[in-house]
Amino acid sequence: IFHSPGNVVTDDVPSHPDIFLYSARMMGVDVSKCVVVEDSVAGVTAAKAAGMRAIGFTGGSHCLPDHADKLIAAGADTVIDDMHLLPNALQ
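Residue numbers here run from 1 along each chain, matching the order of that chain's written sequence. Given that this is a predicted model, residues contribute local features only at a pLDDT of at least 70 and side-chain atom pairs are listed and counted only at 80 or more, while totals for whole chains, interfaces and linings are drawn from all residues. Hydrogens and water are ignored here; the side-chain numbers use all heavy atoms of the structure.

Examining the overall build of the protein chain
At step 1: Helix and strand assignments follow DSSP, with helices taken as H or I runs no shorter than four residues and strands as E runs no shorter than two, numbered in order from the N terminus. Tallying secondary structure elements over the protein chain gives 4 helices and 5 strands in all.
At step 2: Counting helices and strands in the order they occur from the N terminus, the protein chain gives β-β-α-β-α-β-α-β-α.
At step 3: Each residue gets one of three labels from its accessible area relative to the maximum for its type: buried under 20%, exposed over 50%, partly exposed in between, using a 1.4 Å probe on protein chains only. Per-residue burial for the protein chain yields a buried fraction of 32% across its 91 residues.
At step 4: By definition in these notes, contact holds between two residues if any of their heavy atoms fall within 4.5 Å. Relative to all contacts within the protein chain whose residues are 6 or more apart in sequence, the contacts with residues 24 or more apart total 40%.

A few points about the pattern of salt bridges
At step 1: By definition here, a salt bridge exists when the distance from a side-chain nitrogen of Lys or Arg to a carboxyl oxygen of Asp or Glu is within 4 Å. In total, this model carries 2 salt bridges according to the counting rule given.
At step 2: The salt bridge involving lysine 70 is made with aspartate 66; its shortest N-O contact spans 3.6 Å.
At step 3: Residue classification places lysine 70 among the partly exposed residues on the basis of a relative accessible area of 42%.
At step 4: For aspartate 66, a relative accessible area of 34% gives the class partly exposed.

A word on the side chain of histidine 67
At step 1: The topology assignment puts histidine 67 in helix 3 (residues 67–74).
At step 2: Classification of histidine 67 as buried rests on a relative accessible area of 13%.
At step 3: Of note is the side chain of histidine 67, whose polar atom sits 2.6 Å from the backbone oxygen of aspartate 39.
At step 4: Not counting residues up to four positions away in its chain, the partners in contact with histidine 67 are Asp39, Phe57 and Thr58. Polar contact criterion, stated in full: a pair of N or O atoms within 3.5 Å, where within protein one must be able to donate a hydrogen and the other to accept it, and residues adjacent in sequence count only if both atoms are side-chain atoms.

Digging into the nonpolar core
At step 1: We define the nonpolar core as a collection of buried residues of types Ala, Val, Leu, Ile, Met, Phe, Trp, Tyr and Cys that are connected through side-chain atoms lying within 4.5 Å of one another. Counting residues in hydrophobic clusters, the biggest one holds 14 residues, and the most contacted among them are Phe20, Val36, Val44, Ala47 and Met52.
At step 2: Taken together, the elements giving at least two residues each to this core come down to helix 1 (18–27), helix 2 (41–49) and helix 3.
At step 3: Leaving out residues up to four positions away in the same chain, methionine 52 has contacts with Phe20, Leu21, Ala24, Val31, Cys34, Val36 and Ala47.
At step 4: Counting 5 residues, the second-largest nonpolar core is a separate cluster that includes Ile55, Phe57, Leu86 and Ala89.

Considering helix 3
At step 1: All of the buried residues in helix 3 are His67, Leu71 and Ala74. Buried residues of helix 3 fall within an arc of 60° about the axis and therefore sit on the same side. Opposite the buried face of helix 3, by more than 90 degrees, sit the exposed residues Asp69 and Ala73.
At step 2: Packed against the buried residues of helix 3 are strand 3 (35–38), helix 2, strand 4 (53–57) and strand 5 (78–80).
At step 3: With its phi angle positive at about 120°, glycine 75 sits one or two positions after the end of helix 3. Note: the arc covers the axis-to-C-beta directions of the helix.

Remarks on the sheet that holds strand 3
At step 1: Paired strands, as defined in this entry, are two strands with at least two bridges between them according to DSSP. Pairing in this open sheet of 3 strands is parallel, and the strands run 3-4-5 from one edge to the other. Sheet topology places strand 3 and strand 5 at the edges, where each strand pairs with a single neighbour. Sheet twist, expressed as the mean angle between neighbouring strand axes with direction ignored, is 25°.
At step 2: Relative to strand 4, strand 3 is paired through 4 bridges, and the arrangement is parallel. Directly across from valine 35, in strand 4, lies its bridge partner arginine 53.
At step 3: The strands touched by helix 3 are strand 3, strand 4 and strand 5; relative to strand 5, the strand with the most contacts, the crossing angle is about 150°. Note on definitions: angles span 0 to 180 degrees between N-to-C directions of axes, and those axes are lines fitted to C-alpha atoms, for helices only across the stretch in contact.

This is the structure in structure tokens:
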């Protein structure tokens, strides 16, 4: 776990909601106000289990054409393929 002054927390395997709950607690933010940007099915599943909004990300070179469908099936509220689209996705 890495916690920077910019409020970025990361974990190599976000398969449980713990890392997301920890992040919200460290920042003093209610989980219902949190948004997780994830490129993995496990991460989206964990974010939703934590009670957070999940934005799927398919812009990585490892993402295959059906990856967006998998993230939506896991519970992603929306999916983006470019971080420039994040501001609109947050609205």
